[in-house]
Amino acid sequence: MKLILLFLLSITTSFAQVLGDPLELTQRTFGSKSVETENIILNDSQLAQLSKASQQKIDSKLYRIYVAKNGSQTLGYGVLMNKKVRTKTAITLYLIGSDKKIKSIEIVAFNEPLEYLPSKTWLDVFDNKNSSHTLKLNQDIPTTTGATLSARAITDGARAALELLEIIKL
């Protein structure tokens with residue numbers, strides 16, 4: 001089962017336009033000497049908890065998390081999330097510090113037309129946000145013209161990424 005889920009994740013990644021390498025982005029963001037990769041499979045209870053906490057329907061039980069380290073000290077995490085934007089998948093890396101605040105968001109694969117990709121300036125709105133923020137469009141996150149569905153997917157992914165780290169307690 002685990003191998004099938006990993007295979008499906010790699011197939012999804014192979015069809016999207018790749019915009020960045022999650023391992024390199026995690027290492028560069030945190031200035032870490034090493035990055036460990038954790039493949040997480042949620043049980044049914046954790047999946048239900050993630051859906052409730054992130055206020056959205058969550059279908060996937062499989063997640064990849066990059067743990068940035070200097071020696072034994074954990075500097076932060078890169079949480080890879082797949083979200084359907086319109087009809088195709090976008091893969092976003094949420095870079096979250098050990099203080100559980102978003103440091104950066106990087107779109108690593110995007111198979112929709114690039115004009116639907118939110119700008120770096122818009123992505124910067126998430127910096128230093130944590131799970132205590134509502135992270136909802138039109139509330140504490142502004143919408144972006146021409147990329148509303150992408151913005152919604154990225155915003156929903158941010159809530160899920162932050163809550164996922166709370167649930168699995170890395």
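Please refer to the structure placed before this passage.
Just so you know, these numbers come straight off a predicted model, no measurement behind them.

About the criteria used
Residues numbered from 1 in each chain as written. Predicted model: local features only at pLDDT ≥ 70, side-chain atom pairs only at ≥ 80, totals over all residues. Heavy atoms only, no water. Helix = DSSP H or I, 4+ residues; strand = E, 2+ residues; numbered from the N terminus. Expected span 1.5 Å × (residues − 1). Buried < 20%, exposed > 50% of the residue type's maximum accessible area, 1.4 Å probe, protein only. Phe/Tyr/Trp six-rings, centres within 6.5 Å; stacked < 30°, edge-to-face > 60°. Lys NZ or Arg CZ within 6 Å of the ring centre and 35° of its normal. Contact = heavy atoms within 4.5 Å. 1 Å grid on protein atoms, 1.4 Å probe; cavity = no way out; pocket = protein on both sides within 12 Å on 5 of 7 lines; lining within 4 Å. Points joined across faces, edges and corners; volume = space filled by probe spheres on them. Nonpolar A, V, L, I, M, F, W, Y, C, P; charged D, E, K, R; others polar.

Its 21 residues give helix α5 (residues 148-168) an end-to-end C-alpha distance of 30 Å, which sits within 8% of 30 Å, the value for a rise of 1.5 Å per residue. Burial analysis of α5 places 17 of its 21 residues in the buried class, which makes it a mostly covered element. Just downstream of α5 lies K169, where phi reads positive at about 50°.

With that settled, consider the packing of aromatic side chains. For the coordinates displayed, the defined rule picks out one aromatic pair. For the pair W122 and F126, a centre-to-centre distance of 5.2 Å together with 75° between the ring planes defines the contact as edge-to-face. For the pair W122 and F126, one class covers both residues: buried. Lying over the aromatic face of Y116, R86 brings its terminal NZ or CZ to 3.7 Å of the ring centre.

With respect to the helices and strands, the residue D156 is situated in helix α5. Taking the C-alpha atoms as reference, D156 lies 7.7 Å from L135; in sequence the two are 21 residues apart. Among all residues touching D156, those that are not within four sequence positions of it are Q56 and K83.

Moving on: empty space enclosed by the protein. Applying the stated criterion across every chain, the model contains one cavity of 30 Å³ or more. One number sums up the size of the largest cavity: a volume of about 50 Å³. Lining the largest cavity we find K83, V85, A90, T92, I107, F110, S150, A153 and I154. Contributing elements (two or more residues each) for the lining of the largest cavity: β5 (89-97), β6 (102-110) and α5. By residue number, the principal contributor to the lining of the largest cavity is α5, which donates three residues. A breakdown of the residues in the lining of the largest cavity according to their chemical character gives six nonpolar, two polar and one charged.

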